[in-house]
Amino acid sequence: MLLLNTTNDHMKSICCTLARVRVSQGCCETRFSPRRTSTGSVPPRPALLDSERSGVQSVTSLQSAAVRSSTMSPLIARLLLLLVCLALPLYGVEKVRNRGYRKDPDADKLGSCIQGPAGTAGREGNPGTNGIPGTPGIPGRDGLKGEKGECVNEVFEEPWRPNYKQCAWNSLNYGIDLGKIADCTFTKLRTDSALRVLFSGSLRLKCKNACCQRWYFTFNGAECTAPLPIESIIYLDQGSPELNSTINIHRTSSVEGLCEGVKAGLVDVAVWVGTCADYPRGDASTGWNSVSRVIIEELPK
């Protein structure tokens, strides 16, 4: 407020000069009469701020300008007086505001905070949704030319169909010791197949001394060679003196096996009776008082 009062005194002095009013030395001079304390001493004047010093210098310059303007024309002087009267009050108020602001020296200390300890880690979040599929890549270049393959002819075969036949005789009662007993004709469909044959019937052999008889199959008049002949034998040792060597037992027996290598077409399958190697023949009988049968079946390999 002291600075503002001083500025107003200078403004009055300038206004008097511009209006060409004859003022006394007290009107154009600024006097400062400080108040005395209770002890009678004058308190020291507070140091001016930079902004206050600049204000005083500005007022001094305005005072000098007012003195120089006393020789100017009345119109220019009045305009200059009007501008000075409008600017000085605003300038004084702004200085008072700037002077009343004091920066708190502890502001920087209060604005900074000490960092505390780190908190516990949070739990994992939920999995995110799948992203948008990317754009297709550029097609790759052609590969190297491969080697020429082998040509294979595909063979489409028909599914296998069962092919079998049975020949039967009631009370065959065939008592020969050497030769063909019975035969059965069969149509074989494929060359690469096998024939399964079975004879089932009553067989008997008797003799006074040791003897042996053999029953076997033939295919178109020849025994099987792939893999081996299909046969069955009966051996009888010499008779007992108590029974007068007259043992006569008829038993149902079977002759069975597989034969390969038989060509496709009509096949004559027969059952024969003959002697064993290195043994004399006896009295043989086939199919006594019972049913005898031959079963033929074609099987794939």
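As shown above, the structure is provided for reference.
Below or above, wherever it landed, is the structure these notes cover.

Cut-offs and rules
- Numbering of residues starts from 1 in each chain and follows the order in which that chain's sequence is written.
- Given that this is a predicted model, residues contribute local features only at a pLDDT of at least 70 and side-chain atom pairs are listed and counted only at 80 or more, while totals for whole chains, interfaces and linings are drawn from all residues.
- Note that the side-chain values use all heavy atoms of the structure and ignore hydrogens as well as water.
- By definition, any uninterrupted DSSP run of H or I lasting at least four residues is a helix, any uninterrupted run of E lasting at least two residues is a strand, and each is numbered from the N terminus.
- Classification of residues uses two cut-offs on accessible area relative to the type maximum, computed with a 1.4 Å probe and protein chains only: under 20% is buried, over 50% is exposed, and between them is partly exposed.
- Should any heavy atoms of two residues lie within 4.5 Å, those residues are considered in contact.
- Within 3.5 Å is the distance limit for a polar contact, defined as a pair of N or O atoms, with the added protein rule that one can donate a hydrogen and the other accept it, and that residues adjacent in sequence qualify only through two side-chain atoms.
- Think of a nonpolar core as a cluster: buried Ala, Val, Leu, Ile, Met, Phe, Trp, Tyr and Cys residues, connected wherever their side-chain atoms sit within 4.5 Å.
- Here, strands pair whenever DSSP counts at least two bridges between them.
- Throughout, an axis means a line fitted to C-alpha atoms (over the contacting stretch in the case of helices), and angles, computed between N-to-C directions, take values from 0 to 180 degrees.

### Some details on the environment of proline 300
Thought 1: Position of proline 300 among the secondary structure elements: in strand β9 (residues 291–300).
Thought 2: Owing to a relative accessible area of 48%, proline 300 belongs among the partly exposed residues under this scheme.
Thought 3: Through-space distance from the C-alpha of proline 300 to that of proline 162 is 9.6 Å; in sequence the pair is 138 residues apart.

### Some details on the environment of asparagine 248
Thought 1: Inspection of the secondary structure puts asparagine 248 in the loop between β5 (231–236) and β6 (250–259).
Thought 2: Of the residues examined, asparagine 248 reaches a relative accessible area of 41% and is grouped as partly exposed.
Thought 3: Taking the C-alpha atoms as reference points, asparagine 248 and aspartate 283, 35 residues apart in sequence, are found 9.6 Å from one another.
Thought 4: When sequence neighbours within four positions are dropped, the list of residues in contact with asparagine 248 reads Arg204 and Lys206.
Thought 5: One polar contact links asparagine 248 to histidine 250, side chain to side chain, over a distance of 3.4 Å.

### Re the nonpolar core
Thought 1: Among the nonpolar cores identified, the biggest contains 24 residues, and Phe217, Phe219 and Ile296 are the most heavily contacted of them.
Thought 2: Breaking this core down by element, the ones donating at least two residues are β2 (179–188), β3 (193–206), β4 (211–219), β6, β7 (265–275) and β9.
Thought 3: For phenylalanine 217, the contacting residues outside a window of four places in its chain are Val197, Leu198, Phe199, Glu223, Cys224, Ile230, Val255, Val269, Ala270, Val271 and Val294.

### Comments concerning the side chain of glutamine 213
Thought 1: The topology assignment puts glutamine 213 in strand β4.
Thought 2: Since its relative accessible area comes to 0%, glutamine 213 is described here as buried.
Thought 3: Here glycine 282 takes part through its backbone nitrogen, which lies 2.9 Å from a polar atom of the side chain of glutamine 213.
Thought 4: Setting aside anything within four residues of it in sequence, one finds glutamine 213 in contact with Asp177, Leu205, Ser232, Ile233, Ile234, Val273, Gly274, Thr275, Cys276, Arg281, Gly282 and Ala284.

### Some points on the sheet that holds β7
Thought 1: Read across the sheet, 4 strands follow the order β2-β7-β4-β5 without closing on themselves; strand pairing throughout is antiparallel. The two strands at the open ends of the sheet, each matched to only one other strand, are β2 and β5. Taken pair by pair, the neighbouring strands of this sheet meet at an average axis angle of 10°, ignoring direction.
Thought 2: Of the strand pairs in this sheet, β4 and β5 are connected by 6 bridges, and their pairing is antiparallel. In the sheet register, cysteine 212 faces β5, and the bridge partner there is tyrosine 235.

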